[in-house]
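A closer look at the structure
Residues per chain are reported as follows:
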Amino acid sequence: MREARLRSADADEGNADGFASGEYGAQSPEHYDPLLATEDRGPTLDQLPQFDTVLVLGGGAMRGMAHIGVLRALETLGLKYDAIVGTSIGSLIGAMAAGGIGTEDLEGLLAGLEKEDYFRLNTAKFLLKGIRTPSMYRGTTFRDSLARILPKKRFDELDVPFYCNAVCLESGGSVFFGARGLRDISLVDAVYASCALPAVFEPLEWKGRHLVDGGVTDAVPLRFAKLLRPKRIIAVDLTVKAPQRLPEFKDHAVGTLLRSFDIVEDVLREQMLHANLDDTIALIQPKVGHMHRFDFGRVQEVAGAGEAAALAVLTSHPVTRELVRVDLPDGSVCPVEPAEFVSLHIDPEQCIGCGLCEMTCATAGYAARGERATVEKPSNYECTRDHACARNCPTGAIRLGNL
């Protein structure tokens, strides 16, 4: 088995599998080296224990420090989880938790990290290769930091089963490390692949494949969590944008590329939530959308936001509130507060009845049957808070409240 490695500065454009520039379209599936070529494939789904609770930790760069607060809330309430599924920064914190690192130690380790621990420019590669450089920053710097803080354990040695996803650039498919056939990789390499933002860090090269951040296609991997057949899922979504705030856009090539990437990420997340949310999932959405993705100086603030959101959801959601193992103040187990719903509003002077609000709202919050659309659910308790209706309204007629 070839060892996982980061692509070197003087690597050839192709590789041993023949995926050279311009040749990919000519390749057929039978030419692929299977990633599952390993003797010890691990347990099948039927051989896994019955999971009561699976914890899903989504991606979001440094906003992922909110996961620390979520873990702290779980401890406070006495709630246990049987497995962890992590994406991007969620894979880092999930791997640490699965390896037995407590929340206090976890926060201490991550609070001590500096921007330089993650980001160091690929200056030499830029000078040598220009735009052919595989990434803006040196992946080895980030990987070395991961090696210092992650548990020195294999997947089968972790305290609870752990899975993290990445995307294969050759096939376009998702890879879930820790799953059957995908366990013969170090924890450091698996987490690096899950966190390797495209063009920011070099892809991880593993078994002739190039792997990048799993959040590219699945920032909150509910589908995989459901595959484990748990009784309930606690999921943390960090991708909710700040209410009624237009993102920054810089009118140049890189700005257009990055903004397009953000839009695709938003739409994919909307569709994944709409398709997979059900009454067995307690969805936690900390209010961290206003924070910069790479703000290293606000770990405690972000963790606090995660803890507050988790306490509110876990003590009120039907699938978790009966599991709380501590005494709570009267009225806090099933609170009735404005934060439980999103209020929907349409400005009749701006609405033109195009119907896009009805198309994009997966919870039937609007109806468009005439000159103007109407709000069907002024207080929408099922809203996934993805802002899809407001973002897709061409006239800006829609306003959301209680976010």
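Residues numbered from 1 in each chain as written. Predicted model: local features only at pLDDT ≥ 70, side-chain atom pairs only at ≥ 80, totals over all residues. Heavy atoms only, no water.

Regarding the pairing of strand S8 (residues 232-236)
For clarity, the threshold we go by: Categorising residues by exposure relies on relative accessible area from a 1.4 Å probe, with only protein chains included: less than 20% of the type maximum marks a residue as buried, more than 50% marks it as exposed, and the intermediate range marks it as partly exposed. Working definition: helices are DSSP H or I runs of at least four residues, strands are E runs of at least two. Numbering for both runs from the N terminus. Any two strands with at least two DSSP bridges between them are considered paired.
Burial analysis of S8 places 5 of its 5 residues in the buried class, which makes it a mostly covered element. By the alternation rule, side chains of S8 split into Arg-232, Ile-234 and Val-236 and Ile-233 and Ala-235, which are all buried. Strand direction decides the pairing type here: strand S2 (residues 53-57) and S8, joined by 5 bridges, are parallel. Each bridged residue has a counterpart across the sheet, and for Leu-55 the counterpart in S8 is Ile-234.

Some remarks on the pattern of salt bridges
Where charged atoms from two side chains of opposite charge approach closely, those side chains can pair. Keep this limit in mind: By convention in these notes, a salt bridge is any Lys or Arg side-chain nitrogen within 4 Å of a carboxyl oxygen on Asp or Glu.
Applying the stated criterion across every chain, the model contains 13 salt bridges. Linking Glu-107 and Arg-72 is a salt bridge whose minimum nitrogen-to-oxygen distance equals 2.8 Å. Of this pair, Glu-107 sits in helix H3 (residues 103-111) while Arg-72 sits in helix H1 (residues 66-77), and the two are 35 residues apart along the sequence. Exposure remark for Glu-107: the relative accessible area of 16% places this residue in the buried category. Asp-156 is the partner of Arg-154 in a salt bridge, and the nearest nitrogen-oxygen pair spans 3.3 Å. Judged by relative accessible area, Asp-156 falls into the partly exposed class, the value being 45%.

Here's the deal with the pairing of strand S7 (residues 209-213)
Among the 5 residues that make up S7, 5 are buried, leaving the element largely enclosed by the rest of the structure. As judged from the 3 bridges shared by strand S4 (residues 162-168) and S7, these two strands associate in the antiparallel manner. Residue pairing in the sheet places Ala-166 in a bridge with Asp-213 of S7. The pairing of strand S6 (residues 204-206) with S7 spans 3 bridges and is antiparallel. Looking at S7, one finds that Trp-206 is bridged to Arg-209.

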